[in-house]
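Observations on chain architecture
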Amino acid sequence: HIGTSIVDHVSTIHSIFDALQDLGDEEVLDILERYLIDLNRESMLSLKLISRSVFTDLKRLASLLIWLSNIRGYKIVDVSPVEDPESNEILFIGIYIGNCGWEEWRVLSKLVKKQLVDEGFDDVAQRVAIICTKAL
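Note that the coordinates shown come from a computational prediction; the quantities given were computed from them, not determined experimentally. (Residues numbered from 1 in each chain as written. Predicted model: local features only at pLDDT ≥ 70, side-chain atom pairs only at ≥ 80, totals over all residues. Heavy atoms only, no water.)

1. Describing helix α5 (residues 102-118)
For the record, the criterion: Secondary structure elements are defined from DSSP: runs of H or I of at least 4 residues count as helices, runs of E of at least 2 residues count as strands, and each element is numbered from the N terminus. Multiply 1.5 Å by the residue count of a helix minus one, and that product is the helix's expected span. Contacts are assigned to residue pairs that have any heavy atoms within 4.5 Å of one another.
Helix length check: α5, at 17 residues, gives a terminal C-alpha distance of 25 Å against a target of 24 Å (1.5 Å per residue), a fit within 8%. Residues of α5 that are buried sit in contact with α1 (13-20), α4 (58-71), β2 (90-97), α6 (122-127) and β3 (128-132).

2. Looking at the packing of aromatic side chains
Inclusion rule: Two rings belonging to Phe, Tyr or Trp (six-membered ring only in the last case) form a pair when the distance between their centres is within 6.5 Å. Interplanar angles under 30 degrees mark stacking, angles over 60 mark edge-to-face geometry, and anything in between is tilted. Burial classification: accessible surface area is computed with a 1.4 Å probe over protein chains only, and a residue below 20% of its type maximum counts as buried, one above 50% as exposed, and the rest as partly exposed. Here, over-ring charges are defined by two tests on the NZ atom of lysine or the CZ atom of arginine: distance to the ring centre within 6 Å, and angle to the ring normal within 35 degrees.
Enumeration according to the criterion identifies 2 aromatic pairs in this entry. With a centroid separation of 5.6 Å and 90° between ring planes, the pair formed by phenylalanine 17 and phenylalanine 121 is classed as edge-to-face. In this pair, phenylalanine 17 sits in helix α1 while phenylalanine 121 sits in the loop between α5 and α6, placing the two residues 104 residues apart along the sequence. Judged on exposure class, the residue phenylalanine 17 and its partner phenylalanine 121 are both buried. When the ring centre of phenylalanine 17 is taken as reference, the NZ or CZ atom of arginine 60 above it lies at 5.3 Å.

3. Details of α1
Cut-off, in case you're wondering: Here, the arc refers to the directions that run from the helix axis to the C-beta atoms.
Turning to α1, its buried residues are Ile13, Ile16, Phe17 and Leu20. Summarising the axial view, the buried residues of α1 lie within an arc of 100°, below the 170-degree limit, and thus occupy one face. Packed against the buried residues of α1 are α2 (25-35), α4 and α5.

Next comes the structure, spelled out in structure tokens:
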């Protein structure tokens, strides 16, 4: 089963997405909780809210998160929607990475966007922002 062995057989965002296809949202959230061990409870609640919204597909977002954490080795410390204060509509999903700073931020952001577009995840590329917490 997919569980904790997902990264043993995959190396691309798309291959992770393919592995998640037959799972329900609750199973995907369980996998994220196991893989993203540095996330706090609020981030997991945010992911549950995101899964219920039409803003982005949970499996596509989860594929990116697992790829960043387990293939690229980044420490994801928070995932949360950034909302328009007037309309409360989600503008983008912030993915906060703890083990990168200002120098790495520009390179990482471009790398992730390019990887997403190259693999056919343009919709995700337009809806997420990578944020390096050491740069803030």
